[in-house]
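In case you want the letters, here they are:
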Amino acid sequence: MKKIVSLIALVLVGLASVAQTLNVRVGSVTYQFPAAQSGNMTFTGGTTLTIMDKAFTLSEVDEMYIDDAEVVDNSVAVVYDGTSQVISATAQ
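## Brief notes about the environment of Thr-57
Secondary-structure assignment places Thr-57 in strand E5 (residues 54–57). The partly exposed category is assigned to Thr-57, whose relative accessible area is 34%. In the structure, Thr-57 is positioned 13 residues away from Thr-44 in sequence and 9.7 Å away in space, judged by C-alpha atoms.

Below you can see the structure in the form of structure tokens.
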């Protein structure tokens, strides 16, 4: 019985240590929100979603997805590809 409890505890610790990030892409800018800090997201009037005090008009959002990337608070990354760029901004 102790082995089963220990195994379950190890699995839960392993799951908790995986970082998840909510990514919201608007044009060439991807806003990244650490899932552990995102909390409640307010959906207003069927047109606006607010995540960590950042309001998004849903008609402007191109994509939303969750990945296992770890992000650093208040960071910005710019990746250039020829004449275009992709910007990732992390919220605090």
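## Quick notes on the packing of aromatic side chains
Applying the stated criterion across every chain, the model contains 2 aromatic pairs. Seen in terms of ring centroids, Tyr-31 and Phe-56 are 5.3 Å apart; in terms of plane orientation they differ by 70 degrees. Their pairing is edge-to-face. Taken together, the residues span a long stretch of sequence, with Tyr-31 in strand E2 (residues 29–34) and Phe-56 in strand E5 at a distance of 25 residues. Looking at Tyr-31, the relative accessible area reads 24%, which means it is partly exposed. With a centroid separation of 6.0 Å and 85 degrees between ring planes, the pair formed by Phe-33 and Phe-56 is classed as edge-to-face. Here Phe-33, found in strand E2, pairs with Phe-56, found in strand E5; they are 23 residues apart in sequence, far enough to count as distant. The exposure class of Phe-56 is buried, given its relative accessible area of 4%.

## A few points about a nonpolar patch on the surface
On the surface, Val-76, Val-78 and Tyr-80 cluster together to form a nonpolar patch covering roughly 340 Å² of accessible area. Looking at where Val-78 falls in the secondary structure, it is placed in strand E7 (residues 76–81).

## Quick look at the sheet that holds strand E6 (residues 63–67)
The sheet built from 5 strands is open, its strands ordered E6-E1-E2-E8-E7 with mixed pairing. The sheet is open, and its two edges are formed by E6 and E7, each paired on a single side. Neighbour to neighbour, the strand axes of the sheet diverge by 20 degrees on average, direction disregarded. Pairing of E7 with strand E8 (residues 84–90) involves 6 bridges; the strand directions are antiparallel. Looking at E8, one finds that Val-78 is bridged to Ile-87.

## Quick look at the pattern of salt bridges
By the definition in use, this model includes 2 salt bridges. Asp-62 is paired through a salt bridge with Arg-25; the nearest N and O atoms lie 3.7 Å apart. Here Arg-25 lies in strand E1 (residues 21–26) and Asp-62 lies in the loop between E5 and E6, a separation of 37 residues in the sequence. Overall, Asp-62 belongs to the partly exposed group, its relative accessible area being 46%. Across the salt bridge formed by Glu-63 and Arg-25, the nearest N and O atoms sit 3.1 Å from each other. With a gap of 38 residues between them, Glu-63 in strand E6 and Arg-25 in strand E1 connect regions that are remote in the sequence. Overall, Glu-63 belongs to the partly exposed group, its relative accessible area being 35%. According to the relative accessible area criterion, Arg-25 is partly exposed, its value standing at 28%. Taken together, the shared-partner salt bridges in this structure form one network comprising Arg-25, Asp-62 and Glu-63.

Rules and cut-offs
Residues numbered from 1 in each chain as written. Predicted model: local features only at pLDDT ≥ 70, side-chain atom pairs only at ≥ 80, totals over all residues. Heavy atoms only, no water. Helix = DSSP H or I, 4+ residues; strand = E, 2+ residues; numbered from the N terminus. Buried < 20%, exposed > 50% of the residue type's maximum accessible area, 1.4 Å probe, protein only. Phe/Tyr/Trp six-rings, centres within 6.5 Å; stacked < 30°, edge-to-face > 60°. Patch = residues over 30% accessible without salt bridge, like charges linked within 9 Å, V, L, I, M, F, W, Y side chains within 5 Å. Areas by Shrake-Rupley, 256 points an atom, 1.4 Å probe, with all protein chains shown as cover. Salt bridge = Lys/Arg side-chain N within 4 Å of Asp/Glu carboxyl O. Pairing = 2+ DSSP bridges. Axes fitted to C-alpha atoms, helices over the stretch in contact; angles between N-to-C directions.

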